[in-house]
Amino acid sequence: MAAVAFRTCKTHKTDQPADSVEWCPHPGRADLFVCGTYQLREGESSPYDKRRGTILLFRFREDDEPLLEELHRVERSAVLDQKWNPTHTDRLGVAGSDGSVAVYKLAGPDVDDLEVTLEQELTERLSPEEEGHTLALSLDWNGGGTRLLATDSSGSVNLFGYDRTLERLHRWKAHDFEAWTAAFSRHNAHIVYTGGDDSMLCAYDVRCPDEPVLSQRNKKHEAGVTSLLSYVQREHILLTGCYDGKVRLFDERRIGACLAEVPLIGGVWRMRSNPRDPKRILCACMYENFSLIELRDELEVAKIGEYGLHENICYGCDWQQARDTGVAKTYVATCSFYDKMLCVSEVVNGFE
C-alpha cells in the first residue's frame, strides 16, 4: 500500500500562537471546528493576565473552491485543550490557563452559519485560591458525556459529573510534576488513565468514595507522558504518546508491559483516531511534523504518512467528523504554535 499523502486545501495565520483544533461532531455542523490560542504577554504581573487566548470558530467547505471562514471568536484566558461533548454535541469543554474548565454552547440558527456563536454556559476552578495559581492542561469526556476529566499543572486530576452543571466528584494528586493528560478507559467505566511530566503512566479506579485508588503504574516511558488514547474498536488497547517521540501500545489490563511501539520524532503531544477509519491515528509531533500511524491486526503500529507544512511546535490536530450525508472526502485540521499556522488538508488515498 502506498504511503498516505496530504493535500493542503487552505491555510490561515492566527493572530496568536495556536495550540488546539477540534472538529464539531454536532449533526448538521460537520463543517465547523474550533481553534484555541495561547499568547504569553510579557510584563504582566498578574498570572491571569499574563496568558491570554481565544477560541476561534471556523467553517470549512470545499465545493468548487475551498472556503475557510472565521465565524466567531471568544476572548478569554489562554486555551490549552478543548473537547466537544460526545453526547451533548453542541457543548465544548475548554481547559484554561486561569486554572478553570469552562463549557461553551454552540448557538445560532440552523440556516445561516454566519450567525453561529459560542456562548459560555458555566465555569469551574480546579484548585482553591489558597493553593496558588495552576493551569488547566487537558480534558477528556467519558463516552456518555456525563463525566469530565481535567488535569492541571500541580500534578492533580479533577473528575466532574456533568448534567448542564459541573459537580466535582474527586480531586487527587496523581503526579509529582505537571499532569499533562488524562483519559477515560473506553472498556471499563470505572478506570481512568493519567500521564505526567514525571514519566509515569497511571491507572486509577474512581469508584472509591474519597480518593481514587491507584490500580497500576508504568515506569517504562523515557520522558513525560503527554497524550493518551483508549482505543474504542479493540478491547483493552491503550496508546500513549511521550516526549521521547514514541507511540506505545499497551493492554489496559496490564499496563506494566509495552506490547508494541513506533518511533516518531519530536514528542507526541496529541493523538486523534479517524472516526471513519479508527485504525488510522493522526499524531502531533511537536518539533517535527504531523505523523499518521496505523494500528495493524497483529498489534503492530506503523507510520504510513506525514504532513510537514508547519514550521514550529505542532500542537493541535483533528479529523473532520463527517457525520453529514454526502461527505466523501477525508479532511484534517492542524495547527502550530510560534508560526501561528492553521491548515485544513485532505487525506489522499486514506482508504486504500
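Looking at an unreviewed UniProt entry, one finds the protein chain named methylated diphthine methylhydrolase and attributed to Anopheles darlingi. Its UniProt record gives the protein chain a comment under Catalytic activity (unreviewed entry), which states: "diphthine methyl ester-[translation elongation factor 2] + H2O = diphthine-[translation elongation factor 2] + methanol + H(+)".

### Notes on the sheet that holds strand β27 (residues 314–319)
By way of backbone hydrogen bonds, the strands of a sheet pair with one another, either parallel or antiparallel. Spatial ordering of the open sheet is given by β1-β29-β28-β27, a layout of four strands whose pairing is antiparallel. This sheet does not close on itself; its edge strands, each paired only once, are β1 (5–13) and β27. Each strand axis lies, on average, 20 degrees off the axis of its neighbour in the sheet, ignoring direction. When β1 meets strand β29 (residues 341–348), the two strands line up antiparallel, connected through eight bridges. Paired with F6 across the bridge in β29 is V347.

### Notes on the sheet that holds strand β15 (residues 181–184)
With antiparallel pairing, four strands are arranged side by side in an open sheet as β15-β16-β17-β18. Every interior strand has two partners, whereas the edge strands, β15 and β18 (213–218), have only one. Averaged over all adjacent pairs, the angle separating strand axes in this sheet is 20 degrees, with direction ignored. Examined bridge by bridge, β15 and strand β16 (residues 191–195) share four bridges and lie antiparallel to one another. In the sheet register, A183 faces β16, and the bridge partner there is Y193.

Reading guide: rules and limits
- Residues numbered from 1 in each chain as written.
- Predicted model: local features only at pLDDT ≥ 70, side-chain atom pairs only at ≥ 80, totals over all residues.
- Heavy atoms only, no water.
- UniProt positions renumbered as here; feature names shortened; annotations may be inferred.
- Pairing = 2+ DSSP bridges.
- Helix = DSSP H or I, 4+ residues; strand = E, 2+ residues; numbered from the N terminus.
- Axes fitted to C-alpha atoms, helices over the stretch in contact; angles between N-to-C directions.

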